Amino acid sequence: MEEQTAQTKKKPKKKRRLGSKGKIAIAVLLTLLLSTGLWCALLGRSGITMVQTYLLARFAFVETDADLGAATDQGLAAFVKGLGDRWSYYLSAERHQATLERRANNYVGVGITVDVVSREEGLLVQSVTKDGPADKAGVLAGDVITAVDGQSIAGDARQEGSDLIGGEAGTKVVLTLLGEDGSTREAACTRATLHNSSARGTMLEGNMAYVQLSNFYSGSADSFQQELDALVEQGAESLIVDVRGDPGGYVSELVKILDYLLPEGPVFTHKPRWWSKTVYVSGEECIDLPMVVLVDKDTYSAAELLAAQLRESAGVPIVGEVTSGKGYSQVTFPLANGGGLGLSTATYCTGSGHSLIGEGIIPDVELSLPGGAALGSGDDVQLQAAIELLKN
């Protein structure tokens, strides 16, 4: 009974702190509970050992202010690496959020694409997003960014330039620009969340449509179709699809693009661990154009399958380098700490069932870019080879 009168007032009891022995006893008790029954069946010895390790660090480690969050990040990253699958990954909470934004084809920045290697003075601006922060600040394609917030990015510092330009939405960054006329000026940009159009199309000589696809994330199929439809309306008679440096993306976007490009038939085979395989089939309607695909060693996943399937279904020639040889698809599972676990849960193949695992695509015309050459430049021998194929 907790009742207390004014006449018989008792001294309040002092709170007793749990000593180190008590904490260790709790940790031991909890680990014993985990070692029995359902938990043992679900987790197995290895899973229980991982939980035991965390509990002992939580209650028995002498440094009470140890950063268990950082330790968990490192531990999970090491665990996934230990699976021996180069395609599975662990993302910290910050990286997971950034990845979700990137896969939505959104990013925080000033709205420019840059070439890191062409100019020793800094970053060469290749394109500027219309109505983006850089565009509003007067940045032009052809400018060279020589400094960011007064810090030079010339020479070896160019590799850090993009990181310096990036930052949180709403913050400002000042770019020092070297114009094509040799003049120097500054542009103050307010970083913002921008949508990244994953496809970029242009018409080349001889009515050749050229479409560069940078990823297969959200909206990429619609972006690709819009770019190509516009070029067809302008009179395009052939097509070059450029997936060099494309990391891939979502199966759903890949299937939409294949359906748009190819006639009726199987275009993709998906084999998950727990369910039966699915064979995706394209419809009868398609774009009927002679095509060539450009690939390189950094063509991955859905981009790799796009090239392989175009060759398998329509005999489309491939130009470039041997591709990465990926044949596993991942699901990114959200975790309780805000992070994400990207785990390979299925294999995939072309429509006929051909796997690219470990072999990649061997191009019909195997050709590498010379050192320092930029994609789409006059030194782009791969693009020139694709053009020659369409001419003949």
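Worth saying up front: this structure is predicted, and the values here are computed from it rather than measured.

**Student:** Which residues make up helix α6 (residues 158-165), and what values do they have?
**Tutor:** Along α6, the residues classified as buried are Arg158, Gly161 and Ile165. Mapping the buried residues of α6 onto a view down its axis gives an arc of 15°, with all of them on the same face. For α6, the exposed residues lying more than 90 degrees away from the buried face are Gln159 and Asp163. Those residues of α6 hidden inside the fold are in contact with β3 (112-115), β4 (123-128), β5 (144-148) and β7 (172-178).

**Student:** Tell me what's going on with the pairing of strand β18 (residues 340-349), and back it up with residues and numbers.
**Tutor:** Where strand β1 (residues 89-91) meets β18, 3 bridges bridge the pair, whose relative direction is antiparallel. Of the residues in β18, the one forming a bridge with Leu91 is Gly340. Inspection of the sheet shows strand β13 (residues 265-272) paired to β18 by 4 bridges, in the antiparallel sense. Of the residues in β18, the one forming a bridge with Lys271 is Thr347. Relative to β18, strand β17 (residues 328-334) runs antiparallel, the two being bridged by 7 bridges. The residue of β18 that forms the bridge with Phe333 is Leu341. Linkage of β17 to β18, two consecutive antiparallel strands, is achieved through a turn of 5 residues, within which Gly338 is found at a positive phi near 90°.

**Student:** How would you summarise the environment of Val139 if you had to cite specific residues and measurements?
**Tutor:** Residue placement: Val139 occurs in the loop between α5 (133-136) and β5. What makes Val139 buried here is its relative accessible area of 1%. Between the C-alpha atoms of Val139 and Cys189, which are 50 residues apart in sequence, the distance is 9.3 Å. Not counting residues up to four positions away in its chain, the partners in contact with Val139 are Ile112, Val125, Val128, Ala134, Leu175, Leu177, Arg185, Ala187 and Cys189.

**Student:** Outline the sheet that holds strand β12 (residues 238-242), listing residues and values.
**Tutor:** The sheet built from 6 strands is open, its strands ordered β10-β11-β12-β15-β16-β19 with mixed pairing. Looking at the sheet topology across the chains shown, the edges are occupied by β10 (199-204) and β19 (365-366). Both strand β15 (residues 291-295) and strand β16 (residues 318-320) contribute to a ladder of 3 bridges, which runs parallel. Bridge pairing in β16 places Leu294 opposite Val319. Lying over the sheet, helix α9 (residues 301-314) contacts β12, β15 and β16, oriented at roughly 150° with respect to β15. Those strands touched by helix α10 (residues 381-391) are β10, β11 (208-213), β12, β15, β16 and β19, and its axis lies near 165° from that of β15.

**Student:** An account of the pattern of salt bridges is requested, with residue identities and associated values reported.
**Tutor:** If the charged atoms of two oppositely charged side chains come close together, the side chains can form a pair. Taken as a whole and assessed by the stated rule, the structure comprises 8 salt bridges. The partner of Lys297 in a salt bridge is Asp298, and the shortest N-O contact between them spans 3.5 Å. Classification of Asp298 by relative accessible area gives partly exposed; the value is 33%. Across the pair Arg311 and Asp364 runs a salt bridge, and its minimum N-O distance is 3.1 Å.

Calculation criteria
Residues numbered from 1 in each chain as written. Predicted model: local features only at pLDDT ≥ 70, side-chain atom pairs only at ≥ 80, totals over all residues. Heavy atoms only, no water. Buried < 20%, exposed > 50% of the residue type's maximum accessible area, 1.4 Å probe, protein only. Helix = DSSP H or I, 4+ residues; strand = E, 2+ residues; numbered from the N terminus. Arc of directions from axis to C-beta. Contact = heavy atoms within 4.5 Å. Pairing = 2+ DSSP bridges. Axes fitted to C-alpha atoms, helices over the stretch in contact; angles between N-to-C directions. Salt bridge = Lys/Arg side-chain N within 4 Å of Asp/Glu carboxyl O.

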